[in-house]
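This is what each chain is made of:
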Amino acid sequence: MLRTLRHLSVFALFLIAPTAHAQSGGVLHFCLHGEPKTFNPVLVEDEASENIRYLTGGVLIRLNRQTQALEPALATSWHLSKDGRKITLQLRKGLYFSDGTPFTSEDVAYTMKMLMDPQLHSGTGDAFRSAEGTVDVQTPSVDTVAITFPARVAGLEPLFDQVAILSAHSPKKEMAVLGPFYVSEYKAGSYVELKRNPNYWKRDAQGHPLPYLEGLHLDIQRNRDIELLRFRRGELQLINRLDSESYVRLQKEDANVAHNAGAGLDSDHIWFNQVATAPLSEYKKTWFRSAQFRTAISKAINRDDICRVVFAGFAKPAYGPVSPANRFWFNSALPAAKYDPQRALTLLIKAGFRFSDNELRDQFGNRVEFTLVTNSGNAVREKIAAMLQQDLANIGIKMNVVTLDFPSLIERMTRTFDYEACLLGLVNTDLDPNGQMTVWLSSGENHQWNPSQKTPATTWEAEIDTLMREQATALTDKKRKEKFDRVQQIIYEQQPFIYLVNRDVLTAVSPAVVGAAPTVLNPPAFWNVDVLQLRPGTELGAQK
Amino acid sequence: MQKRLRMIASFLLCGIFLLAIAAELFTPYSYAQQFREFPNAAPSELHPLGTDGLGRDLFSRLLYGTRVSLVLAPAAALLSTLIAGALGGAAGLLGGWCERAILAIADLSLASPLLFVLIALRAMLPLNVAPLVSVIATFLILGLLGWPSSLRVIWAATRSIRNSDFLLLARSTGCGPVRLIFRQIFPNLRPALFAQFWVSIPVFILTEATLSMLGLGVSEPMPSWGNLLRGLEDFSAVSSNPGRFAPLVMLTLVVICFQIILPSQEDLG
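Starting afresh in each chain, residues are numbered from 1 along the sequence in its written order. All chains are assigned letters beginning with A, and all ligands numbers beginning with 1, in the order in which they are written. Residue-level local features of this predicted model are given only where pLDDT is at least 70; pairs of side-chain atoms are given and counted only at 80 or more, and the full residue set underlies all totals for whole chains, interfaces and linings.

**A look at the overall build of chain B**
Moving on, step 1. The way it works is that DSSP assigns letters per residue, a run of H or I at least four long becomes a helix, a run of E at least two long becomes a strand, and they are numbered from the N terminus. Across its full length, chain B holds 13 helices and zero strands.
Moving on, step 2. The secondary structure elements of chain B, listed N-terminal to C-terminal, are α-α-α-α-α-α-α-α-α-α-α-α-α.
Moving on, step 3. Dimensions of chain B, computed from the C-alpha atoms along their principal axes, are close to 75 × 45 × 30 Å.
Moving on, step 4. Out of the 269 residues in chain B, the part that is buried amounts to 38%.
Moving on, step 5. By definition, residues are in contact whenever their C-beta atoms, placed on the basis of the backbone, come within 7 Å of each other. A separation of at least 24 residues holds for 70% of the contacts in chain B among residues at least 6 apart in sequence. Burial in this document is a count-based property: other C-beta atoms within 10 Å of a residue's C-beta are tallied, and the residue is buried at 20 or more, exposed at 12 or fewer, or partly exposed in between, with C-beta positions derived from the backbone.

**Looking at the overall build of chain A**
Moving on, step 1. Counting its secondary structure elements, chain A contains 16 helices and 21 strands.
Moving on, step 2. The atom set for the radius of gyration is the C-alpha atoms, and the globule formula is 2.2 Å times the number of residues raised to the power 0.38. By the compact-globule yardstick of 24 Å for 544 residues, chain A fits well, its C-alpha radius of gyration being 26 Å.
Moving on, step 3. Projected onto its principal axes, the C-alpha coordinates of chain A cover approximately 95 × 55 × 40 Å.
Moving on, step 4. Relative to its 544 residues, chain A shows a buried fraction of 45%.
Moving on, step 5. Sequence-distant contacts, at least 24 apart, represent 68% of the contacts inside chain A between residues at least 6 apart.

**Focus on the interface of chain B and chain A**
Moving on, step 1. Contacts between chain B and chain A engage 24 residues on the former and 26 residues on the latter.
Moving on, step 2. For the side of chain B that touches chain A, the secondary structure elements donating two or more residues are α5 (114-124) and α6 (131-145) of chain B.
Moving on, step 3. Gly is placed with the polar residues, together with every amino acid not listed as nonpolar (Ala, Val, Leu, Ile, Met, Phe, Trp, Tyr, Cys and Pro) or charged (Asp, Glu, Lys and Arg). Within the side of chain B that touches chain A, the residues separate by chemical class into eleven nonpolar, eight polar and five charged.

**Remarks on the nonpolar core**
All names here are of chain A.
Moving on, step 1. Of all hydrophobic cores here, the largest spans 144 residues; its most connected members are Leu60, Leu238, Leu372 and Cys422.
Moving on, step 2. Here this core takes nine residues from strand β19 (residues 497-509), the largest share from any one element.
Moving on, step 3. Ignoring sequence-local partners within four residues, the contact set of Leu372 consists of Ile270, Ala385, Leu388, Met399, Val401, Ala421, Cys422 and Leu423. By convention the nonpolar core is taken to be a set of buried residues drawn from Ala, Val, Leu, Ile, Met, Phe, Trp, Tyr and Cys and joined through C-beta atoms within 7 Å.

**Section: the sheet that holds strand β5 (residues 86-91) of chain A**
Residues and elements named next belong to chain A.
Moving on, step 1. Strand order in the open sheet formed by four strands is β4-β5-β7-β6, and the pairing between neighbours is antiparallel. With one partner strand each, in any of the chains shown, β4 (75-80) and β6 (136-141) form the two edges of the open sheet. Ignoring strand direction, the axes of neighbouring strands in this sheet form an average angle of 20°.
Moving on, step 2. One bridge is not enough; two strands pair if DSSP finds at least two bridges between them. In the sheet, β4 pairs with β5 via five bridges, with the strands oriented antiparallel. Opposite Trp78, over in β5, you have Leu89 as the bridge partner.
Moving on, step 3. Lines are fitted to the C-alpha atoms to define the axes, a helix being fitted only along its stretch in contact, and any angle between axes, read from their N-to-C directions, falls within 0 to 180 degrees. Together, β5, β6 and β7 (144-148) form the strand contacts of helix α3 (residues 105-116), whose direction differs from that of β6 by roughly 175°.

**Some words on the environment of Lys252 of chain A**
Residues and elements named next belong to chain A.
Moving on, step 1. Structurally, the position occupied by Lys252 is in helix α7 (residues 244-253).
Moving on, step 2. With 10 C-beta atoms packed within 10 Å, Lys252 lands in the exposed category.
Moving on, step 3. Through-space distance from the C-alpha of Lys252 to that of Asn446 is 40 Å; in sequence the pair is 194 residues apart.

**Structural notes on the confidence of the model for chain A**
Residues shown with low pLDDT carry predicted positions that ought not to be read at fine detail.
Moving on, step 1. Considering every residue of chain A, the mean pLDDT works out to 90; 94% of them sit at 70 or more.
Moving on, step 2. Within chain A, the lowest mean pLDDT, 43, falls on helix α1 (residues 2-16) of chain A, and the highest, 97, falls on strand β9 (residues 191-196) of chain A. Values of pLDDT, which run from 0 to 100, indicate the predictor's confidence residue by residue.

**Examining the packing of helix α9 (residues 291-300) of chain A against helix α11 (residues 341-350) of chain A**
All names here are of chain A.
Moving on, step 1. Packing of α9 against α11 leaves a shortest axis separation of 8 Å and a crossing angle of 165°. For the element pair α9 / α11, the angle class is roughly antiparallel. α9 and α11 meet at a crossing whose hand is left-handed. Residues Gln292, Phe293, Thr295, Ala296, Lys299 and Ala300 of α9 pack against Pro341, Arg343, Ala344, Leu347, Leu348 and Lys350 of α11.
Moving on, step 2. When the residues that make up the contact of α9 with α11 are grouped by side-chain class, the tally is seven nonpolar, two polar and three charged. Roughly parallel covers angles under 35 degrees, roughly antiparallel covers those over 145, roughly perpendicular covers 65 to 115, and oblique covers all other angles. By convention the crossing between two helices is left-handed if the near helix lies anticlockwise of the far one by an angle smaller than a right angle, and right-handed if it lies clockwise.

**Quick word on α11 of chain A**
Residue and element names in this part refer to chain A.
Moving on, step 1. Burial in α11 covers these residues: Ala344, Leu347 and Leu348. One face of α11 carries all of its buried residues, which in axial projection span an arc of 100°. Seen from the buried face of α11, the exposed residues on the opposite side, beyond 90 degrees, are Gln342 and Lys350.
Moving on, step 2. Residues of α11 that are buried sit in contact with α9 and β15 (359-361).
Moving on, step 3. One or two positions beyond α11, positive phi appears at Gly352, with a value near 100°. Working definition: the arc comes from the directions between the helix axis and the C-beta atoms, pointing outward to the latter.

**A look at the pairing of strand β17 (residues 398-404) of chain A**
Along a regular strand, successive side chains alternate from one face of the sheet to the other.
Moving on, step 1. For β17 of chain A, the tally of buried residues reaches six of seven residues, placing the bulk of the element in the interior.
Moving on, step 2. Note that the unit made of strand β16 (residues 369-375) of chain A, helix α12 (residues 379-393) of chain A and β17 of chain A has a crossover that is right-handed. By the criterion used throughout, a crossover qualifies as right-handed when its path from the first strand across the helix to the second strand runs clockwise, the strands pointing away from the viewer.

**Thoughts on the pairing of strand β12 (residues 258-272) of chain A**
Residue and element names in this part refer to chain A.
Moving on, step 1. With nine bridges connecting them, β12 and β19 associate as antiparallel partners. Within β19, the residue paired with Trp271 across the bridge is Phe497.
Moving on, step 2. Strand direction decides the pairing type here: β12 and strand β18 (residues 421-426), joined by six bridges, are antiparallel. Its bridge partner being in β18, Ile270 is matched across the sheet by Leu423.

**Structural notes on unusual backbone geometry**
Residues and elements named next belong to chain A.
Moving on, step 1. The residue after Leu210, namely Pro211, is reached through a cis peptide bond having omega -5°.
Moving on, step 2. Here Pro211 shows up in the loop between β9 and β10 (215-220).
Moving on, step 3. The omega torsion across Asn522 and Pro523 is -10°, close enough to zero to call that bond cis.
Moving on, step 4. Mapped onto the elements of the fold, Pro523 is located in the loop between β20 (513-514) and β21 (533-534).
Moving on, step 5. Positive phi is not limited to glycine here, since Ser452 has a value of about 50°.

And the structure:
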């Protein structure tokens with residue numbers, strides 16, 4: 001009787017489970033867009049390795065890609081000291097690496113040691129380097145670890161989302177992992193095969209072990225057209241990033257397949273060269289240094305048209321350095337800079353420019369003409385440039401467009417400074433403003449309009465320097481937000497970068513995959529890979 | 001038959017040249033004008049070949065692009081043939097160390113990856129130039145770098161002339177070097193020079209197309225066959241507008257016409 005009841009209850013559970021139509025097991029196929037340069041999570045720098053780290057690495061604290069909130073992972077709780085220098089983490093008990101090695105606080109200490117090792121030049125570790133001095137890691141018990149930094153590290157907790165814990169004792173070294181999958185096979189230039197980690201700690205609401213999938217097959221495929229073709233043939237079940245053209249095409253074929261997570265963190269923007277030593281005419285330098293000139297340019301650009309024509313509507317006009325997708329750090333008080341060519345002309349005339357016969361001239365009679373450079377072979381940027389050309393022609397400005405191969409462009413941007421204006425994009429993977437320090441500090445190498453300054457060239461750049469340093473040492477997120485809001489406001493007023501669009505994050509997920517919920521944060525399509533499932537009977541190649 | 005084919009090809013080429021040169025008469029739109037409400041539009045009365053991704057009239061862009069490609073490619077071909085003629089002629093006539101040096105330079109140029117050299121040279125050009133100047137610069141570079149393959153042909157032809165009896169006879173009658181070059185050598189080299197000139201034109205058109213496909217050729221908003229061919233990359237737009245194939249058809253047609261009117265071996269005597 002008891003047995004029958006148990007069977008009935010299992011049957012009832014099966015009926016009410018939301019994913020009852022899906023199955024555990026199966027191998028999910030998708031592409032990496034490059035060769036993973038390393039499987040060592042400490043040394044990750046490229047996107048392919050980062051994806052492998054995400055799929056295999058176990059982290060202490062996980063940033064939920066959907067809610068953008070921090071969640072306990074290998075650490076069940078943590079406590080940050082008042083001075084922000086010390087973090088104490090309570091670890092989960094009884095966990096094992098994929099090869100069966102037990103997980104203890106020693107592993108965290110070992111990982112931190114590797115991360116901060118100056119010989120390894122870890123990009124992930126650089127984010128933790130707040131000041132000169134060593135990082136002290138104490139392991140008072142097997143499930144407690146206390147990490148003390150030489151100075152306060154602003155936004156410390158989210159940084160642990162990037163730190164995959166290494167085993168201190170496993171003979172398999174970095175191949176022993178705590179994440180949902182482990183690397184079982186790698187064929188250079190061809191594929192990476194991942195298998196389900198039997199020792200993964202996470203379970204679903206019903207207590208079933210995760211991940212549901214038996215494995216992942218990641219083909220190394222740089223060509224996006226081939227990736228799309230293979231997806232349409234049913235050879236792949238997921239595309240992590242799509243361009244707008246492919247998205248429209250897929251949407252026409254099957255609206256359920258194409259997913260738009262909304263405006264992403266990445267932006268396209270233009271800037272004028274403000275380097276004092278740049279080999280440009282003095283009168284052009286004067287234009288480029290004028291905030292009124294830059295604001296007028298910004299107002300003359302029809303961003304809605306760019307979104308509609310270039311991105312088929314799958315982008316949002318951008319006005320500031322932070323995308324609205326970054327929910328916490330976005331300064332929502334900033335007004336949208338509306339397209340207003342008349343206002344642009346008024347501003348220019350106020351700044352001493354003259355407009356006659358459809359030509360704009362400065363106060364000395366020089367025709368306002370400049371050249372915009374961008375990287376060659378990027379059809380989207382070339383289209384944006386052509387649209388800017390027409391928008392600026394409407395206010396009498398002649399803009400030439402030159403496309404250069406990327407190394408030549410970088411050479412001009414960083415060494416010779418022999419260019420007038422540039423159109424490029426900024427890829428943002430970090431929500432925290434500390435990840436953009438080198439962009440906003442006047443001494444930063446990526447402060448592109450006038451990089452590596454010894455002292456700030458303008459008062460507003462000096463103010464940004466102060467605010468960025470203050471937010472990095474502020475004790476609460478609220479205080480940090482206040483400071484960074486002001487930074488955003490200054491950038492909005494001064495327009496050193498004239499932001500154009502935030503592209504939508506577009507992905508494709510086959511109907512065979514259950515549980516996908518694409519987001520704007522990386523990796524958008526498979527951030528919840530541990531709960532993804534395949535429908536029964538959807539073996540590879542079955543659906544077209 | 002061959003003669004009739006040549007006539008048709010010449011007629012077609014002349015027609016295309018005329019269309020390109022008098023583009024303003026055949027289309028009311030500028031090649032740069034954007035009709036942003038109608039991107040990727042299908043052919044219609046207003047836009048006989050439809051519009052491109054920015055809403056620009058494809059027919060206007062094709063005509064103006066033809067002007068760029070068809071006028072500048074022969075100019076580049078002329079330049080490269082002149083360089084090849086001068087250097088190849090000198091190598092073939094003078095012989096000795098001069099011949100070895102010129103041929104070595106030509107071989108080195110042939111062995112170097114032309115595309116990368118073009119990219120590097122293009123990157124070294126000043127940026128602040130109008131689109132027309134950038135177009136001329138692109139074809140000038142093509143002309144200045146495109147001579148080595150022609151040089152080998154001219155050199156071989158000059159060498160055979162150097163050892164010919166009629167040149168020996170002219171020398172023995174006291175003919176001076178200037179007269180020798182202009183009255184004896186050049187007329188005999190002319191067929192080879194012409195052939196090289198005609199052969200180079202489609203080569204330069206295709207090289208510019210390749211450069212533009214890489215985004216390094218003629219810059220926006222100026223059209224050329226090369227950057228118009230890039231429109232074929234957008235598969236969904238191509239499937240909805242067959243007018244996108246027009247530059248490909250034009251390019252193929254012109255290259256075939258040039259091949260037909262090219263002097264044959266018999267013509268060269």
